[in-house]
Amino acid sequence: MTKKLLFTGFLLTGAIAMLIMSIDYLTKDINGIMIHKEVSRFAWYWIVLKTHIVSGILAIGCGPFQFIKRLRKQRPRFHKKLGYLYVLAVGISSIAGFVSAQFAMGGIVSQIGFSILSVFWFYTLTQAMRGILNGDSKKHQYWMSCNYALTFAAITQRTLLLTVFLVNIPFIEIYRLSAWLPWLFNLALLHLYLYKKGLL
């Protein structure tokens, strides 16, 4: 129980950290790395980007509660309603993320990485929904775990970007890497955990 509470606390801390790190993107002014993006001059782009960020943060915040077994059993209606909110948040954020991915810094390498992430994010969500609608709880839990691993990649990515202060590597190179490594790492870590638990 203690390990599960610590894990849930870790996920919630990540959600709060994500909110703090995203404040600059939620302001009206063009600042930081956005200054160098030509598309940032257009209002529609900011609408898409902010939609992606806000709905993504909502998904990150909802996710941890869905993995609390006691809550699922004792408050099934709450679990279901929060699940609907999570599905809506991921659905919106993944679509907005795919659009914004086409304008990611780092050129084609970053654009493809973030685009694939957005597609997988939406796909795992649909698979999780299909599982629960068909009454297959194991399939639902597996695909939802994969989906949240992709959701949490936003935090893993921001953490990776911080290494620019520790290593002598150009920021843009780390950024290109961050379009791929975080979500691949999260999925690999999840499957390693499931394998050790005998769930694969």
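Note that the structure is predicted; figures quoted are calculated from it, not measured. (Residues numbered from 1 in each chain as written. Predicted model: local features only at pLDDT ≥ 70, side-chain atom pairs only at ≥ 80, totals over all residues. Heavy atoms only, no water.)

Enquirer: Can you help me understand the environment of Trp121 in this one?
Expert: Along the chain, Trp121 turns up in helix H6 (residues 107-133). A C-alpha to C-alpha distance of 9.1 Å links Trp121 and Ala149, two positions 28 residues apart in sequence. Once residues within four sequence positions are removed from consideration, Trp121 is found in contact with His52, Val90, Ser93, Ser94, Asn147, Leu150 and Thr151. (Helix = DSSP H or I, 4+ residues; strand = E, 2+ residues; numbered from the N terminus. Contact = heavy atoms within 4.5 Å.)

Enquirer: What should I look at first to understand the packing of helix H7 (residues 137-151) against helix H10 (residues 181-196) in this one?
Expert: If you want to describe how two helices pack, look at the angle between their axes and the distance between the axes. Their axes nearest at 8 Å, the elements H7 and H10 cross at an angle of 145°. H10 is crossed by H7, and the crossing has right-handed handedness. Of the residues in H10, those touching H7 at Tyr142, Ser145, Cys146, Ala149 and Leu150 are Trp183, Asn186, Leu187, Leu190, His191 and Leu194. Each residue belonging to the contact of H7 with H10 can be placed in one class, and the counts come to eight nonpolar, three polar and no charged. (Axes fitted to C-alpha atoms, helices over the stretch in contact; angles between N-to-C directions. Left-handed = near helix turned anticlockwise from the far one by under 90°. Nonpolar A, V, L, I, M, F, W, Y, C, P; charged D, E, K, R; others polar.)

Enquirer: Quick question: what am I supposed to make of the pattern of salt bridges here?
Expert: Where charged atoms from two side chains of opposite charge come close, those side chains can pair. For the structure on display, the rule yields two salt bridges. Put simply, Glu38 and Arg41 hold a salt bridge, and the shortest N to O gap is 3.7 Å. Side by side, Glu38 and Arg41 carry an identical accessibility label, which is exposed. One salt bridge in this structure joins Glu173 and Arg176, with 2.7 Å as the shortest N-O distance. Placement of the pair is Glu173 and Arg176 together in helix H9 (residues 171-178), with a separation of three residues, close to one helical turn. Overall, the relative accessible area of 40% leaves Glu173 in the partly exposed class. Using a relative accessible area of 25% as the deciding quantity, one classes Arg176 as partly exposed. (Salt bridge = Lys/Arg side-chain N within 4 Å of Asp/Glu carboxyl O. Buried < 20%, exposed > 50% of the residue type's maximum accessible area, 1.4 Å probe, protein only.)

Enquirer: Can you walk me through the nonpolar core in this structure?
Expert: The nonpolar side chains of a soluble globular protein tend to be buried with one another. Counting 34 residues, the largest nonpolar core has Tyr86, Val90, Phe114, Leu150, Tyr175, Trp183 and Leu187 as the members making the most contacts within it. Only helix H3 (43-66), helix H5 (76-101), H6, H7, helix H8 (153-161), H9 and H10 provide two or more residues apiece to this core. If near-sequence neighbours (up to four positions away) are discounted, Tyr175 is found in contact with Ala104, Met105, Ser110, Phe114, Gln157 and Leu161. By size, the runner-up hydrophobic cluster in this structure holds six residues, among which are Val39, Trp46, Ile53 and Ile57. (Core = buried A, V, L, I, M, F, W, Y, C linked by side-chain atoms within 4.5 Å.)

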